[in-house]
Amino acid sequence: MRTDVLIFCVSMLAIGSLRAADQPCDRACLEGFVNDYLAAMVAHDPKRLPVTHNVKFTEDDVALKLGDALWGTASGLGKYKLYFADPEEGQVAFFGTIQESGHGAALALRLKIENRRIGEVETVVVRSERTAMLMDNAGTPDPILLETVPIADRKPRAELIATTNQYFEAIEQGNGKVAPFDPECNRFENGMKTSGTAGCSNQLDTQVFNYIRRIYPRRFLVVDQERGLVFGFFMFNHPGNILWVNVPGEGKHDMPAAAKRPFSVDVAEGFAIRNGKIRKVEALMTALPYGARSPFVPAE
């Protein structure tokens, strides 16, 4: 082949690659990155993935080299899969079940995509066979988390975030009326329904969550307007010095022993918002030392 023709062909290939990288990554593209990530993780081969030169990876708020930790022990994928896609910001999140050395576990994953390359990987691993079993027994996520919101009914990003933020305000204040809960709202944490029979709002009014004194930082990372979902990572801080609460109509209730110690909980949490109200809350969480901080959060 003539040199000038070869140079032309190489140039056209390079231009084509740049154009592909410049194309917006839509829902299918973002979910594809999650699937590729999971497949590479189970194969223990991070070289399969297109990553930026300075890709950042954390597991349970510890900065590690991509390919370390769960990458060495993941042995398969489970049945449960839930995606949150934000094409505008190039971010995608995932809740799912996995196998780790033959044992069930659950994974919360966030990827940031930059020019069709993975620039950030943030994970929380719940190493609990009970959690994996509960999620896999459900099989598929609640339909409210999967349905497409009609274009005319979709809320602006800022409004979806503001509505979600009121949930954390309600917990800190011990007042369910602070947040706009749908009457049918329910909450699942690590595969278990934790909103009880009282529902999301009335449960908060009982003061049972008063041992949670501060929820910070609150990181709203993936806003899925198409499905009316918000996903983020939120640090629940428990100082351990709230020994009892006064439940309205019932009187004094002692806190459980687990709450009488200082610790923080990294919560990967997703919210379904419908008509301006919180309809569903789903979370995966893991306990950390008190005051733990994500490497993705700048020092104060």
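Computed from a predicted model, the values in this text were never measured in an experiment. (Residues numbered from 1 in each chain as written. Predicted model: local features only at pLDDT ≥ 70, side-chain atom pairs only at ≥ 80, totals over all residues. Heavy atoms only, no water.)

Trainee: Looking at this model, I keep getting lost on the pairing of strand E10 (residues 229–238). Mind explaining?
Mentor: A regular strand carries its side chains on alternate faces of the sheet. Counting buried residues along E10, 10 of its 10 residues qualify, which places the element largely inside the surrounding structure. Neither face of E10 is exposed, since Leu229, Phe231, Phe233, Met235 and Asn237 on one face and Val230, Gly232, Phe234, Phe236 and His238 on the opposite face are all buried. Hairpin remark: strand E9 (residues 214–224) followed by E10, antiparallel, with 4 residues in the connecting loop; positive phi at Gly228, about 65°. For E10 and strand E13 (residues 263–274), the ladder comprises 10 bridges, and the chain directions are antiparallel. (Buried < 20%, exposed > 50% of the residue type's maximum accessible area, 1.4 Å probe, protein only. Helix = DSSP H or I, 4+ residues; strand = E, 2+ residues; numbered from the N terminus. Pairing = 2+ DSSP bridges.)

Trainee: Sorry, what's going on with the environment of Phe209 here?
Mentor: For Phe209, the position within the fold is in the loop between helix H6 (199–205) and E9. Separated by 50 residues in sequence, Phe209 and Ala259 place their C-alpha atoms 9.8 Å apart. Once you skip the residues sitting within four places of it in the chain, Phe209 turns out to touch Ile171, Arg187, Gln203 and Leu204. (Contact = heavy atoms within 4.5 Å.)

Trainee: Explanation requested: the state of the cysteines in the structure shown.
Mentor: Put plainly, two cysteines are in a disulfide when a covalent bond ties their sulfur atoms together. All chains considered together, the criterion is met by 2 disulfides. Note on cysteine connectivity: Cys25 is disulfide-linked to Cys29, with sulfurs 1.9 Å apart. Between Cys25 and Cys29, the S-S torsion sits near -90°, and that sign places the bridge as left-handed. One disulfide bridge connects Cys185 with Cys200, the sulfur atoms lying 2.1 Å from each other. (Disulfide = S-S within 2.5 Å.)

Trainee: Hey, could you run me through the sheet that holds strand E3 (residues 74–86) in this one?
Mentor: In sheet architecture, strand pairing relies on hydrogen bonds along the backbone and comes in two forms, parallel and antiparallel. Across the sheet, 6 strands lie side by side as E2-E1-E6-E5-E4-E3; this open sheet has mixed pairing. At either margin of the open sheet sits one strand with a lone partner, and together these are strand E2 (62–64) and E3. Along the sheet, successive strands turn relative to each other by an average axial angle of 25°, direction set aside. Note: E3 against strand E4 (residues 91–100), 9 bridges, orientation antiparallel. (Axes fitted to C-alpha atoms, helices over the stretch in contact; angles between N-to-C directions.)

Trainee: In this structure, what is going on with the nonpolar core? I would like to understand it.
Mentor: Side chains that are nonpolar tend, in soluble globular proteins, to be buried together. Counting residues in each nonpolar core, the largest one holds 30 residues, and the members touching the most others are Tyr167, Ile171, Phe181, Phe236, Phe271 and Ile278. Those elements that place two or more of their residues in this core are helix H5 (157–173), strand E7 (181–189), H6, E9, E10, strand E11 (244–247), E13 and strand E14 (277–288). Cys29, Phe33, Leu38 and Phe57 belong to the second largest nonpolar core, which has 28 residues in total. (Core = buried A, V, L, I, M, F, W, Y, C linked by side-chain atoms within 4.5 Å.)

Don't take any of this as a statement about function, it's just geometry.
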